[in-house]
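Secondary and tertiary structure notes
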Amino acid sequence: MQKKIQSALISVFYKDGLENIVQQLHELGVTIYSTGGTQKFIEELNVPCVPVESLTTYPSILGGRVKTLHPSVFGGILGKREEAEHVAEMKQYNIPEIDLVIVDLYPFEETVASTTDEKLIIEKIDIGGPSMIRAAAKNHASVVVVAAKKDYSLLEEILKQQKGETTLEQRRMFAIRAFDICTGYDMAISNYFNQSDFINPFNKEKAILRYGENPHQQGVFYGNTDDLFEKLNGKGLSYNNLVDVDAAVQIISEFSDTTFAIIKHTNVCGIASRATLKESWDAALAGDPESAFGGVLVCNATIDVATANTINEIFFEVLIAPSFDADALEILKTKKNRILLQQKTKPAATHQYKSVLNGILAQQNDGGNYTDWKEEGGRETTAAEKEDMIFANIVCKHLKSNAIALVKNKQLVGKGCGQTSRIDSLRQSIEKAKQFNFDLSGAVLASDAFFPFDDCVKIAHAAGIASFIQPGGSIRDKDSIEYCKANNLAMVITGLRHFKH
């Protein structure tokens, strides 16, 4: 059903992008109501504007806390035009119909991000704005509501093309957006008072993906990767790309030495730290060149020409780096679908969320490497072993449980992950190392959880491994410890488990 806009209430915090709309409304003969800074902005455009105070007969009071909360305003928004009783009451009380509401919200999240002064933060909790937005959205049968400047251009186009008329479908679309904005705003306030960072999809951009995890599943991403990356080349990120990119940026954030990692199905299948980036790449790839095919690559140093030339020899989905040399970028951009991301910052989330059953699980991120460093074996670890153990324990933390990581000279040389028993993960890791001709003599083993029996230590020892790092916590810890003591093997107990499901 077509409705012509004849009156508008405009009260916004952000004025940029509003000028063209105001001019269009004026040209269409629309009566504009406003207040405060928005009224001044409109009048400076030489556009007539009716002060809201002329409707309410009250000035803005309490330092601006109360301006529009009045029946003359809300009656004009909520009145049902098709009901004679409503129309009669509006006429009786001299309440004008309001057909368009353009209202945004105080910048609450921006204020929280910029200050810890609670008085300033509290003052940015909008009251009148959400009330008017919800009222207009509720009455979208007759009223258009625009609740964010990102929708100005859409309204502007409709005003231009349809001469101030809107369809019910358009009004409903704006109403849905408005309710989402209010919901997101309330969630942000709740997060602040609860001191949480619960994922808030309603204040995020909504990207419709090609499909979900599989082609028959629909997929949507609520977020904006532009906050984290600059995309330098390639197609849009898919659902699986996004999951792997998340895993990639999580693991690379743990390393300060020059490091390259290769991610496949969220597991790290190759990682190494070396003096140069090319050496790091070569060592990471050597750890499992088979699994690297079609993977997500990530590093923490500038991609140079030497590294780019070598990387360019294999097929991969995504490459993430803090920067790219110009010549290196030209080499890598030769494949038009290859996704190249320049990482600008790290994700700020401190919690993880997962939908299960009819609810949501929430937990803190798994921060840290170890809380204790208890030398419980038959000897002290050497300096080189300790460096490898620290490296291996971080790698293990980023593998799906049950997880085993074998590391030698800060290079992942074997890994087992996602197995239903720890001993199967160990066997898998040893077989991987053998497959690519690694000598496990001098390698270290990290386990994401305790050894329930001493069988893992025995099998690993037989393969040449002489030092272990694990969280401990089994009632049979002493079995593995006693074996290490009897065979002069190093074992460190960290006290920090790293399950990942």
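The coordinates are above.
As for the sheet that holds strand S5 (residues 100-103)
Taken together, the five strands give an open sheet; going across it, the order is S4-S3-S2-S5-S6, and neighbouring strands pair in parallel fashion. Since the sheet does not close on itself, it has two edges, and those belong to strand S4 (50-51) and strand S6 (144-146), each with one partner. The pairing of S5 with S6 spans three bridges and is parallel. Counted as the bridge partner of isoleucine 102 is valine 146 from S6. Sitting on the sheet, helix H2 (residues 36-44) touches strand S2 (7-11), strand S3 (31-34) and S4, and the angle it makes with S3 is about 140°.

Considerations on the sheet that holds strand S11 (residues 259-264)
The strands making up a sheet associate through hydrogen bonds between their backbones, and the pairing can be parallel or antiparallel. If you walk across this open sheet you meet the six strands as S10-S15-S14-S13-S11-S12, and the pairing is mixed. In the strand order of this sheet, the two ends are held by strand S10 (229-233) and strand S12 (267-273), each with one partner. Strand-to-strand twist of the sheet, defined as the mean angle between neighbouring strand axes without regard to direction, takes the value 20°. Where S11 meets S12, six bridges bridge the pair, whose relative direction is antiparallel. Along S12, the bridge assignment pairs phenylalanine 260 with alanine 272. Sitting on the sheet, helix H12 (residues 277-287) is in contact with S11, S12 and strand S13 (295-299), with an inclination near 35° to S11.

As for helix H9 (residues 152-162)
Within the span of H9, buried status applies to Tyr152, Leu155, Ile158 and Leu159. An end-on view of H9 places all buried positions within 130° of arc, on one side of the element. Exposed positions of H9 whose direction lies more than 90 degrees from the buried face are Ser153, Lys160 and Gln161. Along its buried surface, H9 packs onto helix H1 (19-27), S5, S6, strand S7 (165-166) and helix H10 (168-194).

Conventions adopted
Residues numbered from 1 in each chain as written. Predicted model: local features only at pLDDT ≥ 70, side-chain atom pairs only at ≥ 80, totals over all residues. Heavy atoms only, no water. Pairing = 2+ DSSP bridges. Helix = DSSP H or I, 4+ residues; strand = E, 2+ residues; numbered from the N terminus. Contact = heavy atoms within 4.5 Å. Axes fitted to C-alpha atoms, helices over the stretch in contact; angles between N-to-C directions. Buried < 20%, exposed > 50% of the residue type's maximum accessible area, 1.4 Å probe, protein only. Arc of directions from axis to C-beta.

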